[in-house]
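Residues per chain, in single letters:
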Amino acid sequence: LAEGDYTLGASVPDGLELRGVCADRAPLVAPAGRPAILVGAGRTVALVGLGVTGTGIGPASRGTLVLDRVVLDAGLDGWGAGLNGGTLVADRVLVRAPHPSPGRSVGLGISMIGGSSAVVTDLVIEDAHGVGVQVEDSSFEGERVVVQRTRAEVESGLRGGGLGAAGTATLVLRDALVTDVVDFGIVAQAGASLTLERVVIEDVVSAPEERSGRGLEVWNSTANVDHVVIERATAAGIFVREGGELRASDVLVRGTRNLADFGAGILTVGTVELNHAHVLASLFGGVVVGGGSFVARDVGVLRVAAANHWGGALGCSSGASCTVSRFRFEDLHTMGIVAVGAGTRLEASEGSVRRVAVEERYDIGRAREVDVGASAIVRAVASSDVVETAVVACGLDEAGNYVEGTRIDMTDVSVSGIAERACAGSSCATEAGGSGVSALAGASISATGL
């Protein structure tokens, strides 16, 4: 096709290849209210060096669409490319600004349902109104993918996220960037399988009237993550919800933002295995474990700002099992590590907790605290530069009841540099602190090599 505008807007024959002089100068213009191209069942159609304007394209049912050097100016249709049982093979493709059409509520970059499959390289999706890539009961494999500037569509319930996988979906991303999106960067839910390698997720904001903005979210699904950076998410860099399983290595979560005094680096109630990770400059908590299992090795949490009276590195509660080894927790507030609640178990080994500052309400900066029926095993851990008490076990709940089983067992640990509270010379002279280890209200501490 030479330079000029062309109109198809219908199902096209099998084996057709449309080759244009270039995407900017040979656009296919869709008729009003109709897709530019429909690929019928069993058919294969290729577009090379073309633009598509006015509406989206895609296999109608179990056809194959091949895109090479194509620009989709999706216009008003609901998607840039839509697949219902079809196959997409794409290389060097730009999907630009899909908007909802009248009577529709979403504008997806790529929509996949009904057992569809896609293999894409060098794909950019920008300014979608809804989710950049939505994969439901289908498979998507992408290399060198960018999703940027999605916007929320409140009426549809699709909040403007980057990429989403649901049901029996499989989503694989390598060398990808997700930036400036709403509600979530990447989400796997309802049984999906997610694989990420060398992926950056940044600038995720909350949806309107929601408390959201997670970089990576896993919910009743599995995720395998390697070499991932998540920056400036709102509420949480990583959120593993009920039934979620995350195995991750070489992870950096940095600069989560304030949402109603919350901005944890990692928040989980599922199952997490983490190797080689850093959480930097989060808010309220570096890692917050509200149930399930958390296992981490070679992990650092640094510079957690105080919010809602806490700014610690690791918090475990609600019967969670937390195991950390080879760790470095520094520049924190109130309590560096805290385990609370009957059935909550903490194991910490080969690490350090340093520089825990006070927060204005509680005026303490403890290294480790185990409360209300929780238990901890601590080995080869150093704590220093803290305020009031370094290590505390307390068996008293908020109602004033003693809870049995509150215990810390320590081996080869050191505590040093425990300062008095700021009020030592005035209002709290009799409770100024400066203590190393304290067992209170029916709790017990056993220490060897202290």
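The structure under discussion appears in the preceding block.
Each residue is numbered by its place in its chain's sequence as written, counting from 1. For a predicted model such as this one, the threshold for reporting local features is a pLDDT of at least 70, and the threshold for listing and counting side-chain atom pairs is 80 or more; totals across whole chains, interfaces and linings nevertheless cover every residue. Water and hydrogen atoms were dropped before computing side-chain values, which therefore reflect all heavy atoms in the structure.

Q: Can you explain the nonpolar core? Please cite residues and give values.
A: Core analysis: the largest hydrophobic core is formed by 104 residues, its most contacted members being Phe 140, Ile 186 and Leu 216. A helix here means a DSSP run of H or I that spans at least four residues, while a strand means a run of E at least two residues long, and both kinds are numbered starting from the N terminus. In terms of residue count, strand β28 (residues 321-340) provides more of this core than any other element does, 7 residues in total. Residues are treated as being in contact if the distance between any of their heavy atoms lies within 4.5 Å. Once you skip the residues sitting within four places of it in the chain, Ile 186 turns out to touch Leu 163, Leu 171, Leu 173, Val 178, Leu 194, Leu 196, Val 199, Ile 201, Gly 215, Leu 216 and Glu 217. Only buried residues count toward a nonpolar core, which is a set of Ala, Val, Leu, Ile, Met, Phe, Trp, Tyr and Cys residues joined through side-chain atoms within 4.5 Å. Whether a residue is buried, partly exposed or exposed follows from its accessible area with a 1.4 Å probe, protein chains only, as a fraction of its type maximum: under 20%, in between, or over 50%, in that order. Core analysis: the next-biggest nonpolar cluster, separate from the first, contains 12 residues, Phe 239, Leu 267, Phe 284 and Ile 364 among them.

Q: Any details on the environment of Ala 432? Residues and values, ideally.
A: Tracing the backbone through its elements, the reader meets Ala 432 in the loop between β34 (414-419) and β35 (435-440). A residue is classified by how much of its surface remains accessible, and Ala 432, at 8% relative accessible area, is buried. Residues Ala 432 and Gly 286 lie 146 residues apart in sequence; the distance between their C-alpha atoms is 28 Å. Sequence-distant contacts of Ala 432, that is, excluding residues within four places in its chain, are made with Glu 388, Glu 420, Arg 421 and Ala 424.

Q: Describe in detail the state of the cysteines, supporting the description with residues and values.
A: The disulfide criterion used throughout: a pair of cysteine sulfur atoms within 2.5 Å. Evaluation of the coordinates by the stated rule reveals 1 disulfide. Covalent S-S linkage joins Cys 316 and Cys 322, the inter-sulfur distance amounting to 2.1 Å. On the sign convention where negative is left-handed, the bridge of Cys 316 and Cys 322, at about -125° about the S-S bond, is left-handed. Here Cys 394 is not disulfide-linked; the sulfur of Cys 316 is the nearest cysteine sulfur, at 18 Å. With a relative accessible area of 17%, Cys 394 lands in the buried category.

Q: Tell me what's going on with the pairing of strand β16 (residues 170-182), and back it up with residues and numbers.
A: Sheet analysis places strand β14 (residues 139-148) next to β16, joined by 9 bridges and oriented parallel. Paired with Ser 139 across the strands is Thr 170, a residue of β16. Taken together, the 11 bridges between β16 and strand β18 (residues 193-205) define a ladder with parallel strand orientation. Directly across from Val 172, in β18, lies its bridge partner Thr 195. We call two strands paired when DSSP finds no fewer than two bridges between them.

Q: With reference to specific residues and values, describe empty space enclosed by the protein.
A: Residues are called lining when one of their atoms sits within 4 Å of a cavity or pocket point, these points coming from a 1 Å grid over the protein atoms alone, where a cavity is a set in which a 1.4 Å probe fits but cannot get out and a pocket is an open set with protein on both sides within 12 Å along at least five of seven lines. Grid points are joined across faces, edges and corners, and a volume is the space filled by probe spheres set on the points. Enumeration over the complete set of coordinates arrives at 1 cavity of 30 Å³ or more. By volume, the largest cavity is sized at about 30 Å³. Counting only elements with at least two residues in the lining of the largest cavity, the list comes to β26 (293-302), β27 (312-317) and β28. The biggest single contributor to the lining of the largest cavity is β26, with 4 residues. Any residue outside Ala, Val, Leu, Ile, Met, Phe, Trp, Tyr, Cys, Pro, Asp, Glu, Lys and Arg is labelled polar, Gly included; the first ten of those are nonpolar and the last four are charged. Of the residues belonging to the lining of the largest cavity, the class tally is 9 nonpolar, no polar and no charged.

Q: Can you lay out the pattern of salt bridges for me, pointing to particular residues and giving the numbers?
A: By definition, a salt bridge exists where a carboxyl oxygen of Asp or Glu is found within 4 Å of a side-chain nitrogen of Lys or Arg. Overall, the coordinates contain 33 salt bridges when judged by the stated rule. Put simply, Arg 144 and Asp 122 hold a salt bridge, and the shortest N to O gap is 2.8 Å. Placement of the pair is Arg 144 in strand β14 and Asp 122 in strand β12 (residues 117-126), with a sequence separation of 22 residues. Of the charged contacts in the structure, one is a salt bridge between Arg 379 and Glu 350, with a shortest N-O distance of 4.0 Å. Placement of Arg 379 in strand β31 (residues 375-387) and of Glu 350 in strand β29 (residues 345-357) is noted, with a sequence separation of 29 residues between them. A residue is classified by how much of its surface remains accessible, and Glu 350, at 40% relative accessible area, is partly exposed. Within this structure, Glu 141, Arg 174, Asp 175, Glu 197 and Arg 198 form a network of salt bridges that share partners.

Q: Break down the environment of Ala 367 for me, with residues and values.
A: Tracing the backbone shows Ala 367 in strand β30 (residues 365-371). It is 8.5 Å that separates the C-alpha atoms of Ala 367 and Val 387, two residues lying 20 residues apart in sequence. Those residues in contact with Ala 367 that sit more than four places away from it in its chain are Met 335, Gly 336, Ile 337, Val 353, Val 356, Ser 383, Val 386, Thr 389 and Ala 390.

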